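Working through the structure, step by step
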Amino acid sequence: MNTNPLILFFTFGLISPFVSATSATDRLEGQPSAQEQVIIDSVESSSSKKSQPNSQQLPSYDPEFVAVPFAFSTESLSTAFGAAGVLKHAGQIQSSILGIGVYSTNGSWISYLRFNDYKAPGIDQWLFSAETYQARYKEGVYYVPGQTDIYGETEKVVALGDESYTKLHAKYILPIGRGSQGAVRSLGRARGDISWNPLQSGVTSVKFSPFIQSRELEGYNYLPEEAKGLALELDWDNRDNGKNSTQGGQTNFKLTRDFGSGSRNSWTTWEFEQSAFVSLDSSDWFGQQIMAFNVYLADTPTWTSDSNGDFHRPPSFAGVSLGGFERLRGYTSKRFTGRSAVLYSAEYRVQPKWQPLQEWPVFNLYDIPWWQWVAFAEAGQVSDEFSASALHEDLKWSAGIGARFEVESIVVRAELAFSEESNQFWIMVNQPF
């Protein structure tokens, strides 16, 4: 969600990482802190000795709970107030529980709950997560297919919107590379040099995510309102550090299928994403300089009609789109929807040697080991035709600047993005790629 910085109070860097978590939940699986990594190593080392008569007990760890109030303003929520709570080490060292509640002055509300990275006893290569999101926007801003202006562009509408989704995630970590010693240790940072051989480097995983998602807009009852299905995700995370990558990259392929029912058509989408990171020399001002690149390509192969003339297209809220805090950040969420999409992104990330945050009031109440300044540019397009020419015709662009922080093991980013249509100010969690 885009946020008006003038309405934020207290300090945006500390209270707002959870505001956008309702939309950024697929990227909440961050890596543990250095202190937590030591405990994870001890846990796994002890676990491997369970069969030995004199093996030591697993090290103890205490749950950590942090609750944060916040306030913000958006076009669809007006002024909103809420709170977020995070329980780290929630039953297991690598697990966490995140809860968010928001209520706005126009009667809108948002709730979100996630249980993250649980390991079943005796199953070393699997991690399980679950999340659910419910929201009502009294003045929701949407771009509805079929509502076009005189130029044929999808027109913005304001409507009462009820949104929800529930997802379960079962991730299998392949026993190769950093996954060879179990799923828990795969969450840690890379050690040693990065290579481009998945058998030796990185974490390779397969994730199964059954989901149910819905959106109902008042006055637009003719639109599809529900999607149910299964997402299959293949991922090779070959970054040295998911929170602050300096080398390596990540390859991800996601296939989503709604098998349909008597009330909705079936459909299929696929998404491919590749990132790469190049470290530059340090300077007198910056201890770290990184060039980060990302390519995103997506398609809906069932888009065209079948022999019966039926279309097998996903609802716009569940299909391929650009616009929002992850992709084409100078536009509002899901500004462009269609059959296929392409996006090219580049970021220049620098970490200043000057880091005064731990000495500032309020900030010094939290652990903030680093901050980062960023300049970025993006170019992409959405098309109803999957072809190189259609996807590269009249590319939409976006550019901006931002600041990022690691706050209590969570990456917080605040960005101001520009485009030919609008400017957007975003506050959210985790790196965009």
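Anything mentioned here points back to the structure above.
Attention in this report is confined to the structure presented alongside it. In this text, all values refer to a predicted model and were calculated from it rather than measured experimentally.

A few points about the overall build of the protein
Looking only at helices and strands, the protein has 4 helices and 18 strands in total. Put simply, the protein has 433 residues, and 54% of those count as buried. A separation threshold of at least 6 residues defines the contact pool for the protein, and within that pool the share at least 24 residues apart is 61%. Total accessible area computed for the protein in this model is approximately 19,500 Å², and 55% of it derives from carbon and sulfur atoms.

Focus: the pattern of salt bridges
Under the definition given, this model contains 19 salt bridges. One salt bridge in this structure joins Glu-406 and Lys-243, with 3.7 Å as the shortest N-O distance. Highlighted residues: Glu-406 in strand E16 (residues 396-407) and Lys-243 in the loop between strand E8 (226-237) and strand E9 (248-258), separated in sequence by 163 residues. By relative accessible area, Glu-406 is classed as buried at 6%. Overall, Lys-243 belongs to the buried group, its relative accessible area being 3%. A salt bridge links Asp-299 to Arg-339; the shortest N-O distance between them is 2.7 Å. A residue pair is termed long-range when its members are at least 10 positions apart, and Asp-299 in strand E11 (residues 286-299) and Arg-339 in the loop between strand E13 (336-338) and strand E14 (340-352) qualify at 40 residues. With respect to burial, Asp-299 and Arg-339 carry one shared label: buried. Each of Arg-329, Glu-347, Arg-349, Glu-378, Arg-404, Arg-413 and Glu-415 takes part in a single network of salt bridges with overlapping partners.

Here's the deal with unusual backbone geometry
At Ser-78, a residue that is not glycine, the phi angle is positive and equals roughly 60°. Residue Asp-117 is not a glycine yet carries a positive backbone phi of 60°. Looking at where Asp-117 falls in the secondary structure, it is placed in strand E4 (residues 109-118). The exposure class of Asp-117 is buried, given its relative accessible area of 3%.

Observations concerning the nonpolar core
In terms of nonpolar packing, the biggest core is built from 22 residues, with Ile-100, Val-102, Ile-110, Tyr-133, Tyr-137, Val-144 and Tyr-220 touching the most fellow members. Not counting residues within four places of it along the chain, the set of residues in contact with Tyr-137 comprises Ser-76, Leu-77, Ser-108, Ile-110, Tyr-142, Ala-159, Leu-160, Gly-161 and Glu-163. Of all hydrophobic cores here, the second largest spans 10 residues; its members include Tyr-296, Leu-328, Ala-341 and Leu-343.

Thoughts on the environment of Arg-413
By the secondary structure assignment, Arg-413 is in strand E17 (residues 410-418). Residues Arg-413 and Gly-402, spaced 11 residues apart in sequence, show a C-alpha to C-alpha distance of 7.0 Å. Not counting chain neighbours up to four residues away, the residues in contact with Arg-413 comprise Phe-325, Glu-326, Arg-329, Ala-403, Arg-404, Trp-426, Ile-427, Met-428, Val-429, Asn-430, Gln-431 and Pro-432. A polar contact is formed between the side chain of Arg-413 and the side chain of Glu-415, at a distance of 3.0 Å.

Considering the pairing of E11
Where strand E10 (residues 267-280) meets E11, 11 bridges bridge the pair, whose relative direction is antiparallel. Looking at the pairing, Glu-273 lines up with Tyr-296 of E11. Here E10 hands over to E11 after 5 residues, the two strands then running antiparallel side by side. Pairing of E11 with E14, which is carried by 12 bridges, proceeds in the antiparallel orientation. In the sheet register, Ala-298 faces E14, and the bridge partner there is Ala-341.

Quick notes on the pairing of strand E15 (residues 371-383)
As paired strands, E14 and E15 are joined by 11 bridges and run antiparallel to one another. By the bridge assignment, Leu-343 is partnered in E15 with Gly-380. Of the strand pairs in this sheet, E15 and E16 are connected by 10 bridges, and their pairing is antiparallel. When the bridges of E16 are listed, Trp-371 appears paired with Phe-405.

Conventions adopted
- Residues numbered from 1 in each chain as written.
- Predicted model: local features only at pLDDT ≥ 70, side-chain atom pairs only at ≥ 80, totals over all residues.
- Heavy atoms only, no water.
- Helix = DSSP H or I, 4+ residues; strand = E, 2+ residues; numbered from the N terminus.
- Buried < 20%, exposed > 50% of the residue type's maximum accessible area, 1.4 Å probe, protein only.
- Contact = heavy atoms within 4.5 Å.
- Areas by Shrake-Rupley, 256 points an atom, 1.4 Å probe, with all protein chains shown as cover.
- Salt bridge = Lys/Arg side-chain N within 4 Å of Asp/Glu carboxyl O.
- Core = buried A, V, L, I, M, F, W, Y, C linked by side-chain atoms within 4.5 Å.
- Polar contact = N/O pair within 3.5 Å; in protein donor to acceptor, adjacent residues only side chain to side chain.
- Pairing = 2+ DSSP bridges.

The values reported here are purely geometric and, on their own, carry no functional implication.
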